[in-house]
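Structural overview
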Amino acid sequence: MRAHITKSQITIYLNIRNAILRLWHRNPLVGVTRQEAAGCARDPRYFDLSQFAYDWLLRNGYINFGCVDVPNTASSI
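First things first, this report covers the structure right here in the doc. Note that the coordinates shown come from a computational prediction; the quantities given were computed from them, not determined experimentally.

**Regarding helix H3 (residues 47–59)**
When the terminal C-alpha atoms of H3 are compared, their 18 Å separation across 13 residues agrees well with the 18 Å that a helix rising 1.5 Å per residue should span. By the burial criterion, the buried members of H3 are Leu 49, Ser 50, Gln 51, Ala 53, Tyr 54 and Leu 57. Buried residues in H3 make contact with helix H1 (7–26) and helix H2 (34–39). Phi turns positive, to about 80 degrees, at Gly 61, one or two residues after H3.

Here it is as structure tokens:
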């Protein structure tokens, strides 16, 4: 990761990462979406950084584990 971000961006990355984790911990029964993760970056310049953090957290099982969308297949009466 050091090859991709500068020292000044590390604090920004950590703030975005922690904000995404807070979203997950508020309600772990509902998955965090990419759009919600992008909202954790307050400056549009850091949307890509938020997506990088989201992908890393998702891939390593820190967020959205155990969340399954169950489609409503019941027919109406």
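Having seen the structure, we can now continue with the description.
**Some words on the nonpolar core**
Counting 17 residues, the largest nonpolar core has Ile 16, Ile 20, Leu 49, Tyr 54 and Ile 63 as its most contacted members. Tallying contributions element by element places H1 first for this core, with six residues.

Conventions adopted
- Residues numbered from 1 in each chain as written.
- Predicted model: local features only at pLDDT ≥ 70, side-chain atom pairs only at ≥ 80, totals over all residues.
- Heavy atoms only, no water.
- Helix = DSSP H or I, 4+ residues; strand = E, 2+ residues; numbered from the N terminus.
- Expected span 1.5 Å × (residues − 1).
- Buried < 20%, exposed > 50% of the residue type's maximum accessible area, 1.4 Å probe, protein only.
- Contact = heavy atoms within 4.5 Å.
- Core = buried A, V, L, I, M, F, W, Y, C linked by side-chain atoms within 4.5 Å.

Function-wise, these values are silent; they only describe arrangement.
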